[in-house]
Amino acid sequence: LGATTGAFSVGTWLAGKDLAVVVRFTLGAFALALGAFGANHFLPFAFPLAYAVGACYFTTVTSLNTLLQSSLAEAVRGRVMALWIMAFGGVIPFGLQWGGWLAQRTSMTVVTTIGAAVLLVLALTTDLHGARRLERQQV
């Protein structure tokens, strides 16, 4: 349900919003939700936290995808999106392998805490407005 909410939100109530701001906000919210989910040990809290993780993740990914597609020239959009999908989807198995290896040696709390920390760094350092400025200068 969270993933569905996140995916639909970009085309509905977030339509017309600055997606660079949406990405930064949802990356931060994703970091907080993932960190809380990993630290949680009380089952009734797990369900709303899992909803929040899914909503934040899919809002971020859908916003990034939309932002990328809308900023590409039609002549290269198909090729760039093919590379984006390969790069984005292609690294997931490696992350799962690494996360599984680390979880066996420590705990899932450690793995989700590391993931939340990486997301928080990305939320604080990602500047999608800068990419737009560079794109406008090259045109």
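Before any of the text, the structure's been laid out above.
What counts, and where the lines are drawn
- Residues numbered from 1 in each chain as written.
- Predicted model: local features only at pLDDT ≥ 70, side-chain atom pairs only at ≥ 80, totals over all residues.
- Heavy atoms only, no water.
- Helix = DSSP H or I, 4+ residues; strand = E, 2+ residues; numbered from the N terminus.
- Buried < 20%, exposed > 50% of the residue type's maximum accessible area, 1.4 Å probe, protein only.
- Lys, Arg positive; Asp, Glu negative; His and termini not counted.
- Charge placed at Lys NZ, Arg CZ, Asp CG, Glu CD.
- Patch = residues over 30% accessible without salt bridge, like charges linked within 9 Å, V, L, I, M, F, W, Y side chains within 5 Å.
- Areas by Shrake-Rupley, 256 points an atom, 1.4 Å probe, with all protein chains shown as cover.
- Salt bridge = Lys/Arg side-chain N within 4 Å of Asp/Glu carboxyl O.
- Axes fitted to C-alpha atoms, helices over the stretch in contact; angles between N-to-C directions.
- Parallel < 35°, antiparallel > 145°, perpendicular 65-115°, else oblique.
- Left-handed = near helix turned anticlockwise from the far one by under 90°.
- Contact = heavy atoms within 4.5 Å.
- Nonpolar A, V, L, I, M, F, W, Y, C, P; charged D, E, K, R; others polar.

Undergrad: Help me understand the overall build of the chain in this model?
TA: When helices and strands are counted, the chain shows seven helices and zero strands. For the chain, the sequential pattern of α-helices and β-strands runs α-α-α-α-α-α-α. When its C-alpha atoms are laid out on the principal axes, the chain stretches across 50 × 30 × 25 Å. The burial tally for the chain puts 29% of its 139 residues in the buried class. Charge-centre separation for the chain: the mean point of 8 positive side chains lies 6 Å from the mean point of 4 negative side chains.

Undergrad: Explain a nonpolar patch on the surface to me, please; I cannot follow it from the model alone.
TA: On the surface, a cluster of nonpolar side chains totalling about 540 Å² of accessible area is made up of Trp98, Trp101, Val110, Ile114, Val118 and Leu122. Listing elements by their share of the nonpolar patch, those giving two or more residues are helix 5 (92-105) and helix 6 (108-125). For Trp98, the location among the structural elements is in helix 5.

Undergrad: What's the story with the packing of helix 1 (residues 2-11) against helix 3 (residues 43-71) in this structure? I'm lost.
TA: At a minimum axis distance of 6 Å, the contact between helix 1 and helix 3 shows a crossing angle of 30°. By the angle between their directions, the pair helix 1 and helix 3 is classed as roughly parallel. Note that helix 1 runs across helix 3; the crossing there is right-handed. Here helix 1 contributes Gly2, Ala3, Thr5, Gly6, Ala7, Ser9 and Val10 to the contact with helix 3, which in turn contributes Tyr51, Gly54, Ala55, Phe58, Thr59, Thr62, Ser63 and Thr66. When its residues are assigned to classes, the contact of helix 1 with helix 3 shows six nonpolar, nine polar and no charged.

Take it as geometry only, folks, not as evidence of what the structure does.
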